[in-house]
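Report on the structure
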Amino acid sequence: MADSFDKPDPRVEEYKSTSPSSPDVPTASGASPIRVLTILGLGTALSLLGDSTLYTVLPDPPNAAIAGVSLTAVGFILGANRLTRIFTNPLAGALLDRFPRRWLLIPAMLLGFLCSLIYALGSGLAAFLVGRILWGFAWSGIWIGGNSVVLDVTGATNRGKLSGLYQTWFFIGVGGSALLAGIFTDVFGFRGGLLVSSGLNALAVLLWLFLLPETADPARHAAPERGEEPLEPVHWPTIVSAALPTFGMRFVYAGVIASTSILWLGSLFARGSGLSPPDLPIATLTGIFVALRTITSMFSGPLSGALSDRLGRRWGVLSGLLLIGGLGTWLMGNQVAAIALLGGFIAAIPGGGVQALIPALVGDHVGTKHESQALGIIYTFGDLGSALGPVAALGLIGTLGLPAIYKFCSALLILLAILATYRFRKEPILVHKTGE
């Protein structure tokens, strides 16, 4: 009888890691993980300025005229980088697994700076398409490289939380860049604002060049010697299982909801609900709504990641987040404006949480020599989802209507939650083994 109590639970996996298990433990470079993430996150946030300027102000007809492009062409320009990343994400992942992080991160940031210069100085469709395609290359290196650095400097007990902190920097970059883009354009004009953004992009290049340490283990890039065990195989079940919710989340949030928010809010307040503040333009109302949703996502990342660290059950937390997202998007299709708005804020909760847990899952289950490759594949699915979402939503809105589209999104998220629950039941509990 005593032996049966002493026998370990087969679903509990003692997780050994040479990565730091505390935010205060120095990395191999001598820098603390928090310091590395601060430099990494600030650079990532600054890199988004040129991109955010185009999303924020290029659809305005006077600015499009200054850029020398038609409003019809603006949609192609804004989407070109996402289509590019479908091809560049796997390439970036493969390179990051074979070479030191800085070898790709710093050139990628430099390329982002050059993209902003192209926007500021170029004119016409060809120039802007070139800039957007190059930005696809740049962002693949920045984003996959950044998440790879996070996995380098974290361990089993803090991987979720610190991954969430990096996602917070991303959301700060998205929201702050959009705000600064509008201010810079109003003060300096379209091209002047982009030149100012280019200057801040150059600052990000210098920040990473002089302050961001190399975090990859040198042994990662060494070829195995004769007699050594071959490289560990790629863990495809984790990659595929993580790619599906990434696709679904980006399809729903960066695709459907992002492209229909202004239409959704306009339809809500056109019903005479009395909820709209007086004399507040719908575009301003949409901006406020998006900003508040972004703040919600900023906090959900670290909190969800920390919870998954404590429980050692990332798939279980991920399943719960997807269910919350499904509930929120279902409520967004409600005909009562107050309920629909509540649903909009509930649906924002999983945004940062899911983004934090996906890299953590890769760090837990994918071999260290394939982490970046796995991230590249997973984020390719995400970019595919964000590219297809607007096409599907705007193409079907006249036939189905927004309520039906949002309820379809709800069903998709719930289906993905069921998949995550299945993985939750199959995966072992991760317990960090200390004292070794």
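Numbering of residues starts from 1 in every chain and runs along the sequence as written. Given that this is a predicted model, residues contribute local features only at a pLDDT of at least 70 and side-chain atom pairs are listed and counted only at 80 or more, while totals for whole chains, interfaces and linings are drawn from all residues. Hydrogens are left out, water is left out, and the side-chain values use all remaining heavy atoms of the structure.

Focus: the pattern of salt bridges
One side-chain nitrogen of Lys or Arg within 4 Å of one carboxyl oxygen of Asp or Glu is enough to make a salt bridge. Scanning all chains against the criterion turns up seven salt bridges. When the shortest N-O distance is used, the salt bridge between Arg101 and Asp152 registers 2.7 Å. In this pair, Arg101 sits in helix α6 (residues 101–121) while Asp152 sits in helix α7 (residues 125–152), placing the two residues 51 residues apart along the sequence. Side by side, Arg101 and Asp152 carry an identical accessibility label, which is buried. Among the salt bridges present, the one from Asp383 reaches Arg250, with a minimum N-O distance of 3.5 Å. Placement of Asp383 in helix α14 (residues 371–400) and of Arg250 in helix α9 (residues 236–269) is noted, with a sequence separation of 133 residues between them. Only runs of H or I of at least four residues qualify as helices and only runs of E of at least two qualify as strands under DSSP, and these elements are numbered from the N terminus. The buried label applies to any residue whose accessible area, calculated with a 1.4 Å probe on protein chains only, is under 20% of its type's maximum; exposed applies above 50%, and partly exposed to all values in between.

Remarks on helix α8 (residues 159–211)
By definition here, a helix of n residues has an expected span of 1.5 Å times n minus one. The terminal C-alpha atoms of α8 lie 22 Å apart, and with 53 residues this falls more than 12% below the ideal 78 Å at 1.5 Å per residue. Of all the bends in α8, the greatest measures close to 120° and is centred on Phe188. Given a residue, its bend is the angle between the two axes fitted to the seven residues that end at it and to the seven that start from it.

A few points about the environment of Gly192
With respect to the secondary-structure elements, Gly192 resides in helix α8. In this structure, the C-alpha to C-alpha distance between Gly192 and Ala120, residues 72 residues apart in sequence, is 7.2 Å.

Section: a nonpolar patch on the surface
A surface patch of nonpolar side chains, amounting to about 580 Å² of accessible area, comprises Leu91, Leu95, Phe99, Trp103, Ile133 and Phe137. Elements with a minimum of two residues in the nonpolar patch: α5 (71–98) and α7. One can find Leu91 in helix α5. The patches reported here contain residues having more than 30% relative accessible area and no salt bridge. Joining distances are 9 Å for like charges and 5 Å for nonpolar side chains (Val, Leu, Ile, Met, Phe, Trp, Tyr). The Shrake-Rupley method, run with a 1.4 Å probe, gives the accessible areas here. Residue values count only the displayed protein chains as cover.

As for the environment of Ile133
As for its placement among the helices and strands, Ile133 is situated in helix α7. Residue Ile133 is classed as partly exposed on the basis of its relative accessible area, which comes to 37%. C-alpha separation for the pair Ile133 and Cys115, spaced 18 residues apart in sequence, amounts to 9.0 Å.

As for the confidence of the model for the chain
Confidence of the predictor at the level of single residues is given by pLDDT, which spans 0 to 100. For the chain, per-residue confidence averages 83 on the pLDDT scale, and residues scoring 70 or more make up 83% of the total. Model confidence for the chain, summarised as mean pLDDT per element, is weakest for helix α1 (residues 2–6) at 38 and strongest for α6 at 96. The criterion used for residue contact is that any of the two residues' heavy atoms lie within 4.5 Å. Below pLDDT 50 for its whole length, residues 1–25 participates in 52 contacts with residues either more than four positions away or in separate chains.

Comments concerning the packing of helix α3 (residues 49–57) against α7
Two elements in contact, α3 and α7, have axes whose closest approach is 11 Å; the angle formed by their N-to-C orientations is 130°. In terms of axis orientation, α3 runs oblique to α7. For the crossing formed where α3 meets α7, the hand is left-handed. Residues Asp51, Leu54 and Tyr55 of α3 form the contact with α7, whose participating residues are Phe128, Arg132 and Trp135. Polar here means any residue other than Ala, Val, Leu, Ile, Met, Phe, Trp, Tyr, Cys and Pro, which are nonpolar, and Asp, Glu, Lys and Arg, which are charged; Gly is therefore polar. Looking at the contact of α3 with α7 residue by residue, the class counts come to four nonpolar, no polar and two charged. Lines fitted to the C-alpha atoms define the axes, with helices restricted to the stretch that makes contact. Angles between their N-to-C directions range from 0 to 180 degrees. The scheme is simple: roughly parallel for angles under 35 degrees, roughly antiparallel for over 145, roughly perpendicular for 65 to 115, oblique for anything else. We call a crossing left-handed when the near helix sits turned anticlockwise from the far one by less than a right angle, and right-handed when that turn is clockwise.

Details of the packing of aromatic side chains
Stacked, tilted and edge-to-face are the three classes applied to pairs of Phe, Tyr and Trp rings, where Trp contributes its six-membered ring and a pair requires centres within 6.5 Å; stacked means planes under 30 degrees apart, edge-to-face means over 60, and tilted covers the rest. All told, the structure shown has 12 aromatic pairs when counted by the stated rule. Taken together, a centroid distance of 5.5 Å and an interplanar angle of 15° make the contact between Trp139 and Trp143 stacked. With a gap of four residues between them, Trp139 and Trp143 both fall in helix α7, about one helical turn apart. Each member of the pair, Trp139 as well as Trp143, carries the same accessibility label: buried. Relative to Tyr406, the ring of Trp264 has its centre 6.2 Å away and its plane inclined at 75°; by these criteria the two rings are edge-to-face. Here the residue Trp264 occupies a position in helix α9, and Tyr406 occupies one in helix α15 (residues 402–426), the gap between them amounting to 142 residues. One exposure class covers both Trp264 and Tyr406, and it is buried.

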